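Next come the chains, spelled out residue by residue.
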Amino acid sequence: MEINIPAIVAEVTDAFMAYEKALATNDLDALDSFFWNSSLTLRYGPDGTLLGHHAISSFRRGRNIKGIKRVLKNTIITTFGSDCAVANTESDRSGVTNRQSQTWVRMADGWKIVSAHVSDRPES
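These notes cover the structure that comes with them. (Residues numbered from 1 in each chain as written. Predicted model: local features only at pLDDT ≥ 70, side-chain atom pairs only at ≥ 80, totals over all residues. Heavy atoms only, no water.)

For the rest of this paragraph, the subject is the pairing of strand β2 (residues 48-51). A regular strand carries its side chains on alternate faces of the sheet. Sheet topology places strand β1 (residues 42-45) next to β2; four bridges connect them, and they run antiparallel. Paired with Tyr44 across the strands is Thr49, a residue of β2. Here β1 hands over to β2 after two residues, the two strands then running antiparallel side by side. (Pairing = 2+ DSSP bridges. Helix = DSSP H or I, 4+ residues; strand = E, 2+ residues; numbered from the N terminus.)

The next thing to look at is the nonpolar core. Grouped together as the largest cluster of nonpolar side chains are 23 residues, with contacts concentrated most on Val12, Tyr19, Phe34, Trp104, Trp111 and Ile113. In terms of residue count, the dominant contributor to this core is helix α1 (residues 6-25) (seven residues). Other than its neighbours up to four places away in sequence, Trp104 contacts Val12, Ala15, Phe16, Tyr19, Phe34, Asp83, Cys84, Ala85, Ala87, Trp111, Lys112 and Ile113. (Core = buried A, V, L, I, M, F, W, Y, C linked by side-chain atoms within 4.5 Å. Buried < 20%, exposed > 50% of the residue type's maximum accessible area, 1.4 Å probe, protein only. Contact = heavy atoms within 4.5 Å.)

This part covers the layout of surface pockets. Looking at the largest pocket, its volume works out to about 250 Å³. Lining of the largest pocket is provided by 18 residues; of these, Arg43, Arg63, Ile68, Arg93 and Val118 occupy positions nearest its centre. Counting residues per element, the ones that place at least two in the lining of the largest pocket are α1, α3 (53-62), β5 (96-107) and β6 (110-122). Of the residues that constitute the lining of the largest pocket, the class distribution is eight nonpolar, three polar and seven charged. (1 Å grid on protein atoms, 1.4 Å probe; cavity = no way out; pocket = protein on both sides within 12 Å on 5 of 7 lines; lining within 4 Å. Points joined across faces, edges and corners; volume = space filled by probe spheres on them. Nonpolar A, V, L, I, M, F, W, Y, C, P; charged D, E, K, R; others polar.)

Residues His53, Ile56, Ser57, Phe59 and Arg60 constitute the buried set of α3. Down the axis of α3, the sector holding all buried residues measures 160°, keeping them to one side. Exposed residues lying more than 90 degrees from the buried face of α3 are His54 and Gly62. Looking at the buried positions of α3, the neighbouring elements they touch are α1, α2 (28-34), β1 and β2. (Arc of directions from axis to C-beta.)

What follows concerns α1. Because the α-helix completes a turn every 3.6 residues, residues three or four places apart line up on one side. The end-to-end C-alpha distance of α1 is 29 Å, a good match for the 28 Å that 20 residues give at a rise of 1.5 Å each. Burial in α1 covers these residues: Ile8, Val12, Ala15, Phe16, Tyr19, Glu20, Ala22 and Leu23. Projected down its long axis, α1 carries its buried residues within an arc of 160°, all on one side. Exposed residues lying more than 90 degrees from the buried face of α1 are Pro6, Asp14 and Lys21. Directly beyond the C-terminal end of α1, a positive phi value near 55° is found at Asn26. (Expected span 1.5 Å × (residues − 1).)

This part is about a nonpolar patch on the surface. There is a patch of nonpolar side chains on the surface, built from Met1, Ile3 and Phe80 and spanning about 340 Å² of accessible area. Tracing the chain through its elements places Phe80 in strand β3 (residues 71-80). (Patch = residues over 30% accessible without salt bridge, like charges linked within 9 Å, V, L, I, M, F, W, Y side chains within 5 Å. Areas by Shrake-Rupley, 256 points an atom, 1.4 Å probe, with all protein chains shown as cover. Salt bridge = Lys/Arg side-chain N within 4 Å of Asp/Glu carboxyl O.)

Mapped onto the elements of the fold, Val12 is located in helix α1. For the pair Val12 and Ala87, spaced 75 residues apart in sequence, the C-alpha to C-alpha distance is 8.4 Å. The contact partners of Val12, leaving out residues within four places of it in the chain, are Ile77, Thr79, Ala85, Trp104 and Trp111.

Below, the structure written as structure tokens:
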């Protein structure tokens, strides 16, 4: 298995950055499209565990926000072969350091997040 094939890293990076744009603008339809539409998709976060695409979508649609403004740092995207990748990043937002991990898999309809984990840590 090849690790970090440049063309695959570029594809996942493009998908990751498009997800970030959707997050920043709270584009709910776009955010939904980035997650695998399956009951097996999961998101762990500060607000709890979300199991399934429907739960993730409902969580996002239930929030009253305009978008998330944050500055990314230490973003690392690692690909495994041509169809699997892990994206890890930290971000700063309003005095909080956020950590985010995503597993991306190439599906028939493009790169999809199949698992995500978000955590916040107040600056000390």
